[in-house]
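Here is what each chain is made of, one letter per residue.
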Amino acid sequence: MKRIGILISGRGSNMLALADAVKHGRIPNAEIALVISNIETAAGLERARELGIPTFVHSHKGCTREEHDRAMAAELRQAGVDLVCLAGYMRLLSPWFIREFEHRILNIHPSVLPSFPGLDAQKQALEYGVKFSGCTVHLVDEELDHGPIVKQSVVPVLPGDTTEMLSARILAEEHQTYIEAVALILSGQFHIEGRRIIES
Ligand code: GRF
C-alpha cells in the first residue's frame, strides 16, 4: 500500500479528486495518509476531516521556511508517506524539503508549462491571447513550476472567456490529469532521463 501526503492552502478540489480516485481504485493500492495545510481556515481541511483523513495544520508564520518544512516533513515521515502531492499549496518549499523527498514531490499547475509559471496562470494565458491552455503535473525541483513533466492536458480558450470560465475548464482537466500522474508515479512504470519522464 502506497501512502500519499497532500499539501494544501485553500479549497482542496484537487485533494478531493485524488481522495475519490483512491477510494474508487483509479489510483490502485494507495491511501491518503495525511493532509497538511499551512492555513488553518483552508476549506479543504474541513473536507478532508469529513472524509476521515488525518490532517495537520502548521502555520508558516513566525518560523523560517526550512523550520516550517522540517515540521511538515516530520509529520509526513511519521505517517509513512511515499509521495507528497502539492494541491494548491501556495508556498515555496525549501531546498532542504525538496532534497529530503527527492523525486517524490508532485505539483499541479494550471497552465501548459513552461508557459505561464507562477501566480494567476489562467489570467496570464488569457491576457497573452493563447488559443489553448491547460495544466501540468510535474516533479518538484528547486525552481518554481519547473521540474520534469509527468502529464499535461490542453483545453481551448474560447471567445468571451473570463478568467473564471477558463479556470473552471482547466480545473476539470486538472482533476483527471493529477489522478493519472499520481497513478503513474506510484506504479513505478517510468524512468527519468534528464527532464524527460519516460513511461515503460
Ligand atoms: C489549482 O488551480 C492548482 O492548479 C493550483 O492551485 C489551484 C488549487 O485548487 N496550483 P484546489 O485547492 O485544488 O481546488
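Let us look at the structure shown here. (Residues numbered from 1 in each chain as written. Predicted model: local features only at pLDDT ≥ 70, side-chain atom pairs only at ≥ 80, totals over all residues. Heavy atoms only, no water.)

## Topic: the site of the ligand
Condition: By convention in this text, a residue qualifies as near a molecule or strand provided that one of its non-hydrogen atoms is within 4 Å of it. Any N or O atom pair separated by 3.5 Å or less is treated as a polar contact, with the protein-specific requirement of one donor-capable and one acceptor-capable atom, and with residues adjacent in sequence counted only for side-chain atom pairs. Computed by Shrake-Rupley with a 1.4 Å probe, the accessible areas treat only the displayed protein chains as cover when residues are assessed. Here the nonpolar group is Ala, Val, Leu, Ile, Met, Phe, Trp, Tyr, Cys and Pro; Asp, Glu, Lys and Arg are the charged ones; every other residue, Gly included, is treated as polar. The split into domains, and so the bounds of each, comes from an automatic or database assignment of domains.
Around the ligand lies a shell formed by R11, G12, S13, N14, G88, I108, H109, P110 and E174. S13 places a side-chain nitrogen or oxygen 2.6 Å from an oxygen atom of the ligand. Against a free-state accessible area of 360 Å², the protein chains account for coverage of 86% of the ligand. For the shell around the ligand, the residue count by class is two nonpolar, five polar and two charged. Split by domain, the shell around the ligand shows at least three residues from each of two domains, domain 1 (1-101) and domain 2 (107-200).

## Considering the packing of aromatic side chains
Worth spelling out the cut-off: Any two of the Phe, Tyr and Trp rings considered here, Trp counted by its six-membered ring, make a pair once their centres fall within 6.5 Å; the pair's planes then place it as stacked at under 30 degrees, edge-to-face at over 60, or tilted in between. When the NZ atom of lysine or the CZ atom of arginine is within 6 Å of a ring's centre and also within 35 degrees of its normal, the charge is said to sit over that ring.
Under the criterion given, the structure shown has two aromatic pairs. Consider the rings of F97 and F101, whose centres lie 4.9 Å apart with planes at 35°: the pair is tilted. A cation over an aromatic ring shows up here: R77 above the ring of F101, its NZ or CZ 4.5 Å from the ring centre.

## Considerations on the environment of V150
For clarity, the threshold we go by: Each helix is a run of H or I in the DSSP string that is no shorter than four residues. Each strand is a run of E no shorter than two, and both are numbered from the N terminus. In what follows, residue pairs with any heavy atoms lying within 4.5 Å of each other are defined as contacts.
Locating V150 in the fold gives a position in strand β7 (residues 149-156). Put simply, V150 and S37 are 113 residues apart on the chain and 24 Å apart in space, counted from C-alpha to C-alpha. Not counting residues up to four positions away in its chain, the partners in contact with V150 are L106, V137, H138, L139, A181, L184, I185 and I197.

## Details of the side chain of N14
Short version of the rule: Each residue is placed in one exposure class: buried if its accessible area under a 1.4 Å probe, protein chains only, is under 20% of its type's maximum, exposed if it is over 50%, and partly exposed if it falls in between.
Assignment of secondary structure puts N14 in helix α1 (residues 13-23). The exposure class of N14 is buried, given its relative accessible area of 8%. Within the local environment of N14, its side chain forms a polar contact with the side chain of E174, the two groups lying 3.0 Å apart. When residues no more than four places from it in sequence are discounted, the contact partners of N14 are A87, I108, L171, E174, H175 and Y178.

## Digging into unusual backbone geometry
P114 follows L113 through a cis peptide bond whose omega is 15°. The residue P114 is located in the loop between β5 (105-109) and α5 (121-128) in this model. A positive phi angle, close to 50°, is found at N29, a residue other than glycine. Located in the positive-phi region is F116, a residue other than glycine, with phi close to 55°. Structurally, F116 can be placed in the loop between β5 and α5. Under the relative-accessibility criterion, F116 is labelled buried at 12%.

## Things to note about helix α2 (residues 43-50)
Threshold: It is the directions from the helix axis to the C-beta atoms that the arc portrays.
Among the residues of α2, G44, L45 and A48 are the ones counted as buried. When α2 is viewed along its axis, its buried side chains cluster within an angular range of 105° and face the same direction. Taken together, the buried residues of α2 touch β1 (2-8), α1, β2 (30-37) and β3 (55-57). Of the residues trailing α2, G52 is marked for its positive phi of about 80°.

## Observations regarding the pairing of strand β4 (residues 83-86)
Basically, it comes down to this: Pairing between strands is defined by DSSP: at least two bridges between the two strands are required. We call a crossover right-handed when, viewed with both strands directed away from the observer, the connection leading from the first strand over the helix to the second proceeds clockwise.
Here β4 shows no split at all, with L83 and C85 on one side and V84 and L86 on the other all buried. As judged from the three bridges shared by β4 and β5, these two strands associate in the parallel manner. Paired with C85 across the bridge in β5 is L106. In this view, the connection linking β4 to its parallel neighbour β5 by way of helix α4 (residues 95-100) has right-handed handedness.

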